[in-house]
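Read off the chains here:
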Amino acid sequence: MQALADTQVHPSHAPYQLNLTLPPEPFIGLHDAPLVMLLANPGVSDAAPAAYARPGVTERTLQHIANAGGTPNHFLTHPDKDHPGLRWWSRTLNGLTKQGHSHDELARQILSVQFHGYRSQSWRPIPYTLPSQPFAFYLVRRAMSRDAVIVLGRIATTWKIAVPELASYPNVVTPKQNRSVQISRGNFSPENFERIEQALKS
């Protein structure tokens, strides 16, 4: 990863430069959650370095990744108002909290899986498969085996190449805006939003 980052020196590479000083997060949530969100890779903001430098934050993040079976989304269960992760999740799930779902509830019912776990401002594929990716793809196949609802928006084609079964999986829902994963009535068809709601009730 460092060798790849060392090649990203041209100014045009800046949005895609991998930040290796922050902990990777290839997946967040309980591995058997009924709703699964397939994402690209974690973003990075100006506030992130200070947030992860606070005592215990990086350690907590890595512990959650390593825990067998996953853990509830730590951004929602350990609220830190200044952490950009909490702000991102609060904004993304605002349409569900408006429906009466609490953060504690959603922390246990949603699994997010990144295509790769390293942070950058913008998404760009990396030229090789990381050791964590086969496990991420396994989590997706495991979700399909239990009929979980899968939210597939941005980089849908890339996900379908990595996990071809997604192309014919009947329980995929797609947002109206493929660059936005906000789960709200406005960003999904009524039918798809209802399927999301039903998954959260299971």
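The rules behind these values
- Residues numbered from 1 in each chain as written.
- Predicted model: local features only at pLDDT ≥ 70, side-chain atom pairs only at ≥ 80, totals over all residues.
- Heavy atoms only, no water.
- Helix = DSSP H or I, 4+ residues; strand = E, 2+ residues; numbered from the N terminus.
- Contact = heavy atoms within 4.5 Å.
- Areas by Shrake-Rupley, 256 points an atom, 1.4 Å probe, with all protein chains shown as cover.
- Lys, Arg positive; Asp, Glu negative; His and termini not counted.
- Charge placed at Lys NZ, Arg CZ, Asp CG, Glu CD.
- Pairing = 2+ DSSP bridges.
- Buried < 20%, exposed > 50% of the residue type's maximum accessible area, 1.4 Å probe, protein only.
- Core = buried A, V, L, I, M, F, W, Y, C linked by side-chain atoms within 4.5 Å.
- Expected span 1.5 Å × (residues − 1).
- Arc of directions from axis to C-beta.

A few words now on the overall build of the protein. Secondary structure assignment for the protein yields 10 helices and 5 strands. Each principal axis of the C-alpha atoms in the protein carries an extent, and together these give about 45 × 35 × 35 Å. Long-range contacts, defined as pairs at least 24 residues apart, comprise 67% of the intrachain contacts of the protein with a sequence gap of at least 6. By element, 53% of the accessible surface of the protein is carried by carbon and sulfur atoms, the whole surface being about 9900 Å². Mean positive and mean negative side-chain charge positions of the protein (19 and 14 charges, respectively) differ by 5 Å.

Paired through backbone hydrogen bonds, the strands of a sheet run either parallel or antiparallel to each other. With mixed pairing, the 5 strands of this open sheet are ordered in space as β1-β3-β2-β4-β5. The sheet is open, and its two edges are formed by β1 (27-28) and β5 (172-173), each paired on a single side. For β1 and strand β3 (residues 110-114), the ladder comprises 2 bridges, and the chain directions are antiparallel. Residue pairing in the sheet places Phe 27 in a bridge with Val 113 of β3.

Even without a glycine there, the phi angle at Asp 147 is positive, about 65 degrees. At Ile 155, a residue that is not glycine, the phi angle is positive and equals roughly 50 degrees. Position of Ile 155 among the secondary structure elements: in the loop between β4 (149-152) and α9 (156-162). The buried category is assigned to Ile 155, whose relative accessible area is 14%.

If you look at the biggest cluster of nonpolar residues, it comprises 27 residues, and the most contacted ones within it are Leu 35, Met 37, Leu 93, Leu 96, Ile 110, Ile 183 and Ile 196. Taken together, the elements giving at least two residues each to this core come down to β2 (35-39), α2 (48-53), α4 (74-77), α5 (84-92), α7 (103-109), β4 and α10 (190-201). The element contributing the most residues to this core is α10, with 4 residues. Here Ile 196 is in contact with Leu 35, Leu 96, Val 149, Val 151, Val 173, Ile 183 and Phe 188, once residues within four sequence places are set aside.

If you check helix α8 (residues 132-145), its first and last C-alpha atoms are 20 Å apart, about what 14 residues at 1.5 Å a residue would give, namely 20 Å. Residues of α8 that are buried: Gln 133, Ala 136, Phe 137, Leu 139, Val 140, Ala 143 and Met 144. One side of α8 holds all its buried residues, which, seen down the axis, span an arc of 150 degrees. Tucked inside the fold, the buried residues of α8 contact β1, β2, β3, β4 and α9. Positive backbone phi, approximately 65 degrees, marks Asp 147, located one or two places after α8.

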